[in-house]
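An overview of the molecular structure
For reference, the chains in residue letters:
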Amino acid sequence: MLNQNLTISQEIAAQPKTQYFTKEDGDALASLLESNPYKEQAAEVKSLLKSERLIESSRVEPEVDWFYCKLGLDSNYFDSTPSIVIARHILSLYAAKMVSHATGAKLEVQLHSKNEGSATFITPSNPGKRDSPAMMIEHAIESHYFGEGYHQDQQLLSPQQVAVAPFPVSPKPPTGTNLPPHGFRLACYRTTGTVSNSSPVHLRLYYLTKPVFPQATNDLSASKNDEMLATETDLFKIGDISFIEKSSELTKKIYQEVMNEVVGKQGPVIKHYPYQTNGARLVIAYRRGSTHSYWSAIGELYHYHQMYATHKYVEQFSNGITIYSIYLRPLHPDVDINTKISKIAEQASLVYVLPRTSLTPLFLSHQLSFPEVTYAYVCWKFAYQFLNRYATEYSALAAAIGDDSTKQSMLAQLKTRLSKDTFTEGRVRDAVLQYPELIKILYQDFEKYHFSGSTQKYDVQHGAEILASIKKTVNNELDSQIFSAILSFNRHLLKTNFYKQTKTALSFRLDPGFLSTKEYVSTPYAVFFVVGSEFRGFHIRFRDISRGGIRIIRSGNSTQYDHNSSSLFDENYNLANTQQSKNKDIPEGGSKGTILLSADHQSKAEVAFHKYIDGLLDLLLPNHEIVDHFGKPEILFLGPDEGTADFMNWASAHAKDRGAHFWKAFTTGKSLSKGGIPHDLYGMTTRSIHQYVLGTLAKLGRNEADCTKFQTGGPDGDLGSNEIKISKDKTIGIVDGSGVLLDPQGLNREEIGRLAGKRQMARYFDKSKLSPQGFFVDVAENDVKLPNGEIVESGLIFRNNFHLNPLCNADIFVPCGGRPESVQLTNVDKMFTATGESRFPIIVEGANLFFTQKARLMIEEKGAIIFKDASANKGGVTSSSLEVLAALALNDEEFDKHMCVKDNVVPEFYENYIKDVHHTIESNARLEFECIWNEHESTKTPRSILSDLLSNKINSLNDSIQTSSLWNDQALRRKIISTACPKVLLNLLGVDKIMERVPEPYVKAIFGSYLASRFVYKYGLNSNEFAFYTYMETLKQ
C-alpha cells in the first residue's frame, strides 16, 4: 500500500527495497563515478535534473550514478548523446519505474525521443525471445529511418509488439518516388547491467542520426545519375563526418575492405571477424534499395541460431552503400561461436535474396530453417504455375466436342478458370504451411543433389520413397498434387545458384521434361526460373541457339496481378513459341523472358531486371560452387521488350564485368554508343509489318493513301510511332496508354507525325485539329460525352475495349500495342458488323499475341485478310540477329571502331550495315508474304494456319540440315555463309574470318536457317525431297 502522506517519489526514497530502484550504497557508486571518464557530463546531467525538480532530490544522485556506472551502456552513447537528451532518458526511465511501483505491474520501459535530425529509442531487451519489444522497434526503424521496411504479414508481430511501435508498421515497401536519398545512421547498444541491482531487466538503446557527408559529396549526390559518386570507394569522401572522426582505425580498415568489394558487385558482401572472447563481428555491405527488410531479417536469423547482439551499427555512405556491423555472442555461454558464425554469414546471403515472405512464420516458429523456408517459397511459386486439376476430364470433353472451335475455346477457358480457382496461390501456400515436415524431406532431397561439392548423379526418376511419404502424409488429392509438383521440380532441376555464396536472386535451370505434352505441345529446349525479393520470372528457349526479348510485367491493381501471376508461365511459353515461329529465317531459335513484379514492388523494375540478369549469369558462367548436372556450356541472347529497352546497355556491361566472353552479343537493342541497333530509331519491326500492308494492297489493287487505318499503340511507342512515320494512309484512330483518339474524317497527319517524332502520347494531340466528329477520351476521365451523344462512364474501360467498339471501323487494322489475347473467342464477335462482316477487312498483327489463334480463324471465316504476328512482326528479330552476328564476328577493337557511334559521328561501316539490315528485313518479309499468299490462293487454307505450317516446315528442315552431311561440304558452307551474311561485313572480314570467329554452333545455325527458309519460300509447303535435291544442285552450280 502507498503511504497517503507521501508523494510517490518520497515513498520510493523511503522504501529502497523497491526492486526497480537503485539501492546500492551511495558512497560506492560515487566512488565509481569519480573514476568514470564521463563524470563531468554526469554532473551536468544531475544539475539539469535537479533544476527541473521532477525527481526527488535524494534520488537524483543514485539514479544518475547507476546510469553511468552500473547500467552498462556503451561509451559511444555518452560520446554522441547531448547531456540534455541523457537527462531526458534518465527521467523517462525513472518515470517508468514509478508507474511500475505505483501499479505493481511489470516494468515497461518505452522511451521515444524524435526530432528532424535524430531519434532515440530505449526498450527492455530479452535476448532469444521473439516477443521482445525491441523487435518491434527494429521493424519501425527499418521502415521509417532506413526506408527499407516491408512488413506486409502482420502475423509476424504480436499485438503487444504492435502496441509499443513508435510508428505504424508500413504494410508496403517504400517506392522509388518517396525513398529518401540516404537512410539514417544507427548505433544500438545493449546494457551489460540491469536497471537496478535487484532487477533482471536489461535495456537496449537505439540512437539514430542523419548522416552528414563531406560538402563535395553532398553536392554530387544531388545528381541521381552521377556515376562517379556511385563508384567512389574512399571512405573519407563518402562517409559521415562523425564516423570518419570517431571510428577506430580497425573499423575504418574493415569498412574500406568491404567497400572496395561491394561497389563492383550486385549483391552483398558478408564477412565475419573474431571479437573478444567467444564473440564475433558480422559485417554486411550492400547497395541501399536493392532489397527490403534486411535489417530485421538478419536479426531474426542470428536469433534463430541462438545468438544475441551486444551492440550493432548501421552506417550510410553517400555512394548508396549501407554497411551493418553486428557484434554477436552465444545466448548460452558454453556454445562456441565459431560453430555458428560461418553458417549465419552463409545464410545471410540467402536472407538478402528473400528476406521476408508469407512463409516466414515457419522460420520464426523454428519449424523450418531459413534455407528450408526459402526453398519452400520457391517451390510454392513454381508449383502454382503447373498444377492441373482437370487434365483427364478436359481431354475427354475436348474429344467429345470435336472441331467446334467456339465450344473448344469455352471449354479451355472453363478449365483454366476451374484450375486456378482450385489451385489459387493461397491454397498452395496453405498446403506448404500445413505440412512443413514434407518440405523438410523435399529440401533434403534438393540439397543432396545441389549442395556445393555434391557427387550425387542426376536421376530424373528418383524420389519414389518421397512420393510414398507424400501419399501417406496428406489427406486429400489436392495436397498430393501440390507436393508431387514440388518433387517434379527436384527431379528436373539441372543446376541452381541456391548454394552460391553471393547472389542477388535465386535461379534454376530445369529440364523441360516436367511439362505436360498435352498442355504444351511443343517442348522447349530449356526453362529457367528466377526468383527475387521483388519479382519472379521465367526464361524459355526452344533451341540451344535462341534469342528473344525480356519483358517486365506490371500490374495496375490486385485483380490484374492475380491474372498476371496465374498466367505467367503460359504467357512466357506462348511468347517464346511465337518467337520460335517468327525466327524461322534467322539463325536463332525463339526465346523469351518474363519478369513479374510483385504486387507491392511495381516501382522496382530496374532492380528486378538487374537481379534477373545476374541470376541467369550465375548459371551461364562456370562456377565451382554450382553443381552442374547439365554439363554443357550455354549462351543466351537477350533483347529489349516491354519495359526493358533502357536496360540493355547495363546487361551487356554487367556480363563483361563478370567475365562473360559473349558480353558484346549478350544483349541487342543497346544504345548507339555501345554498338546497338535501336529498333525504334531505325524502324526495324515496323519495316517488316508494313511490307505485309503494302503487299496486301498491291494484290488487291488498292492505293495506300486512299485507305483508312486504325492502330493500337500510340506515337510514344516503337511500333506505334514508326507505323505513323512509314505509312501514307488516312489514320482514323489511335489507342495508347493515355486514351482513345478518333476522328472518322482522318487524324491530321502532320499532327500525329509531330507526336511520333517527339514520342509523345496521344493525349498531346492538338484537339483543335479534330473534326466535329473527332474526340479524345483520356483514361483518367469519367462521364465523358462523345460527339454522338454517348456517355463514356470510364475512360480506362473505354480505352481497354475500344478495338471492339462499333465506333471503330477502318480498311486496315494494325495492332502495334496491347496485352496478349486482347481478342479471343469470347469477344471476337464484337469485331464484326451487324451483317457479320469484319469491321477491318485487312489486319496485320504487329503486337505479339494480340489475337488468339481461334479468334484469327473466325475473323478469316468472315472474309478478312489477317496476317499473324509470327509472320508480320519479325523485322525486329532479324535486326537483332544481325546485331548479334556483328558482335560475334568483330573483335573488341573492330567492334568499337565500326559499330559504336561516338560524339554523334556514325561510322561508315555502321551506316552501310543498317542498310543491309533493312534490305534483309524487307526481303524476308516479301518472301514469306508471297509464299503465304500463293499457298492460300491454291489451297484456301487460312493464312494464320499457313503461317504456322510454314514456320514448322522451315524449323524442321533446319534441324535436319544441321545434323546432315550437308554441313561437311566446305564449298557449300562457304557459299551459304557468304550469301547469308551482310555484304558490308563480308567486305570487311571475309567469309573465312567470319567462320573462324563466330562459334561453330552459331555458324551452323546460319547455314541451316538460310537453306531451309529459302527452299520453303521458293518451293512451298508441299515440296518434296526431289525438289530439295534440285534446289541443292542449283546452289552448287
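**A closer look at helix α38 (residues 908-939)**
Given 3.6 residues per helical turn, the α-helix brings residues three or four places apart onto the same face. Taking 1.5 Å per residue as the helical rise, α38 with its 32 residues ought to reach 46 Å, and the 47 Å between its terminal C-alpha atoms agrees with that figure. Downstream of α38 by one or two residues, Lys-940 has phi in the positive range, about 65 degrees.

**Some thoughts on the environment of Gly-675**
One can find Gly-675 in the loop between α28 (663-666) and α29 (679-682). On the basis of relative accessibility, which here comes to 1%, the residue Gly-675 falls in the buried class. When the C-alpha positions of Gly-675 and Ala-134 are compared, they lie 54 Å apart, and in sequence the two are 541 residues distant. Apart from the residues within four sequence positions on either side, Gly-675 is in contact with Glu-883, Phe-895, Met-899 and Cys-900.

**Quick word on the environment of Leu-672**
Tracing the backbone through its elements, the reader meets Leu-672 in the loop between α28 and α29. Put simply, Leu-672 and Cys-900 are 228 residues apart on the chain and 6.0 Å apart in space, counted from C-alpha to C-alpha. Beyond its immediate stretch of four places on either side in the chain, Leu-672 contacts Pro-678, Leu-681, Tyr-682, Met-899, Cys-900, Val-901 and Tyr-910.

**Brief notes about the side chain of Ser-349**
Note on placement: Ser-349 falls in helix α15 (residues 341-353). Assessed through its relative accessible area of 0%, Ser-349 is described here as buried. Polar side-chain contacts of Ser-349 include one of 2.4 Å to the backbone oxygen of Gln-501. In this structure, Ser-349 is in contact with Ile-270, Lys-500, Gln-501, Thr-502 and Lys-503, ignoring residues within four places of it in sequence.

**So, the pairing of strand β20 (residues 782-785)**
Regular strands have side chains that alternate between both faces of the sheet. By the bridge criterion, three bridges tie β20 to strand β21 (residues 791-794) in an arrangement that is antiparallel. Within the sheet, the bridge partner assigned to Asn-782 lies in β21 and is Ser-794.

**Quick word on the nonpolar core**
The biggest cluster of nonpolar side chains holds 98 residues, and the ones touching the most others in it are Tyr-294, Tyr-375 and Phe-483. At eleven residues, the largest contribution of residues to this core is made by helix α17 (residues 370-386). If near-sequence neighbours (up to four positions away) are discounted, Tyr-375 is found in contact with Ile-439, Leu-442, Tyr-443, Phe-446, Ile-486, Phe-489, Asn-490 and Phe-498. In terms of nonpolar packing, the next biggest core, distinct from the first, is built from 77 residues, Leu-697, Ile-865, Val-917 and Ile-921 among them.

**Some details on the packing of aromatic side chains**
This structure, assessed with the given rule, holds 72 aromatic pairs. Between Tyr-520 and Tyr-573, the aromatic rings sit 4.9 Å apart at their centres with planes inclined by 65 degrees, giving edge-to-face as the arrangement. With Tyr-520 in the loop between β10 (506-510) and β11 (526-532) and Tyr-573 in helix α25 (residues 568-582), the pair connects residues that are 53 residues apart, well separated along the chain. Aromatic pair Phe-909 and Tyr-913: ring centres 5.6 Å apart, planes at 20 degrees, arrangement stacked. With Phe-909 and Tyr-913 both in helix α38 and four residues apart, the pair spans about one turn of that helix. In terms of burial, Phe-909 and Tyr-913 fall into one category: buried. By the ring-pair criterion, three or more aromatic residues cluster together here, those being Phe-382, Phe-386, Phe-489, Phe-508, Phe-514, Tyr-520, Phe-529, Phe-538, Phe-542, Phe-569 and Tyr-573. Directly above the ring of Phe-528 sits Arg-509, whose terminal nitrogen or CZ lies 5.7 Å from the centroid. When the ring centre of Phe-832 is taken as reference, the NZ or CZ atom of Lys-862 above it lies at 5.4 Å.

**Focus on the sheet that holds strand β15 (residues 637-640)**
The mixed open sheet is built from seven strands, whose spatial order is β9-β10-β11-β12-β14-β13-β15. The sheet terminates laterally at β9 (493-496) and β15, the two strands that pair on one side only. Geometrically, the sheet is characterised by an average inter-axis angle of 20 degrees between neighbouring strands, direction not taken into account. Sheet topology note: the β9/β10 ladder contains three bridges and is antiparallel. Counted as the bridge partner of Lys-495 is Arg-509 from β10. Lying over the sheet, helix α36 (residues 875-889) contacts β13 (546-553) and β15, oriented at roughly 120 degrees with respect to β13.

**Brief notes about the sheet that holds strand β17 (residues 730-736)**
Reading across the sheet, the seven strands line up as β19-β18-β17-β16-β22-β23-β24 and stay open at both edges, with mixed pairing between neighbours. Two strands in the sheet have a free side with no partner beyond their single neighbour: β19 (775-778) and β24 (865-867). Between one strand axis and the next, the sheet turns through 10 degrees on average, direction left out of account. As paired strands, β17 and strand β18 (residues 739-742) are joined by four bridges and run antiparallel to one another. The residue of β18 that forms the bridge with Ile-734 is Leu-741.

**Considerations on the pattern of salt bridges**
One side chain can pair with another of opposite charge once the charged atoms of both are near each other. Under the criterion given, the structure shown has 57 salt bridges. Between Asp-65 and Lys-46 there is a salt bridge; the shortest N-O distance is 2.7 Å. Residue Asp-65 is found in helix α4 (residues 57-69), and its partner Lys-46 is found in helix α3 (residues 39-52); the two are separated by 19 residues along the sequence. Close ionic contact of Lys-500 with Asp-618 constitutes a salt bridge, the shortest N to O distance being 3.5 Å. You can see Lys-500 sitting in the loop between β9 and β10 and its partner Asp-618 sitting in helix α26 (residues 605-620), a full 118 residues away along the chain. Among the residues examined, Lys-500 registers a relative accessible area of 11% and is labelled buried. By sharing partners, the salt bridges in this structure join Lys-495, Arg-509, Arg-541, Asp-544, Asp-628 and Glu-634 into a single network.

**A look at α17**
Look at α17: 25 Å from first C-alpha to last across 17 residues, which is about the 24 Å you get at 1.5 Å a residue. Counting buried positions along α17 gives 16 out of 17 residues, so the element sits mostly inside the fold.

**Notes on the pairing of strand β12 (residues 535-541)**
Burial runs high along β12: seven of the seven residues are buried. Judged by which residues are buried, β12 turns out to be covered on both faces: Phe-535, Gly-537, His-539 and Arg-541 on one side and Arg-536, Phe-538 and Ile-540 on the other are all buried. Inspection of the sheet shows β11 paired to β12 by seven bridges, in the antiparallel sense. When the bridges of β12 are listed, Phe-528 appears paired with His-539. Taken together, β11 and the strand that follows it, β12, pair antiparallel across an intervening segment of two residues. With seven bridges joining them, β12 and strand β14 (residues 589-597) adopt antiparallel strand pairing. Within the sheet, the bridge partner assigned to His-539 lies in β14 and is Gly-593.

The rules behind the values
- Numbering of residues starts from 1 in each chain and follows the order in which that chain's sequence is written.
- Residue-level local features of this predicted model are given only where pLDDT is at least 70; pairs of side-chain atoms are given and counted only at 80 or more, and the full residue set underlies all totals for whole chains, interfaces and linings.
- As a rule here, side-chain values cover all heavy atoms of the structure and leave hydrogens and water aside.
- Strands here are runs of E lasting at least two residues and helices are runs of H or I lasting at least four, both read from the DSSP assignment and numbered beginning at the N terminus.
- Here a helix's expected span is defined as the number of its residues, less one, multiplied by 1.5 Å.
- Burial classes: relative accessible area under 20% of the type maximum marks a residue as buried, over 50% as exposed, and values in between as partly exposed (1.4 Å probe, protein chains only).
- Residue contacts are counted whenever heavy atoms from the two residues lie within 4.5 Å of one another.
- Between N or O atoms, a polar contact is any pair within 3.5 Å; within protein, one atom must be a potential hydrogen donor and the other a potential acceptor, and residues adjacent in sequence are included only when both atoms are from side chains.
- Strand pairing is assigned whenever DSSP detects at least two bridges linking the two strands.
- We call a set of buried residues a nonpolar core when its members are Ala, Val, Leu, Ile, Met, Phe, Trp, Tyr or Cys and they connect through side-chain atoms within 4.5 Å of each other.
- Working definition: a ring pair exists when centres of Phe, Tyr or Trp rings (six-membered ring for Trp) sit within 6.5 Å. Plane angles under 30 degrees give stacked, over 60 give edge-to-face, the rest tilted.
- Note on criteria: charge over ring means Lys NZ or Arg CZ within 6 Å of the ring centre, with the direction from the centre no more than 35 degrees off the ring normal.
- Here the axes come from fitting lines to C-alpha atoms, over the contacting stretch only for helices, and the angles between their N-to-C directions go from 0 to 180 degrees.
- Any Lys or Arg side-chain nitrogen located within 4 Å of an Asp or Glu carboxyl oxygen qualifies as a salt bridge.

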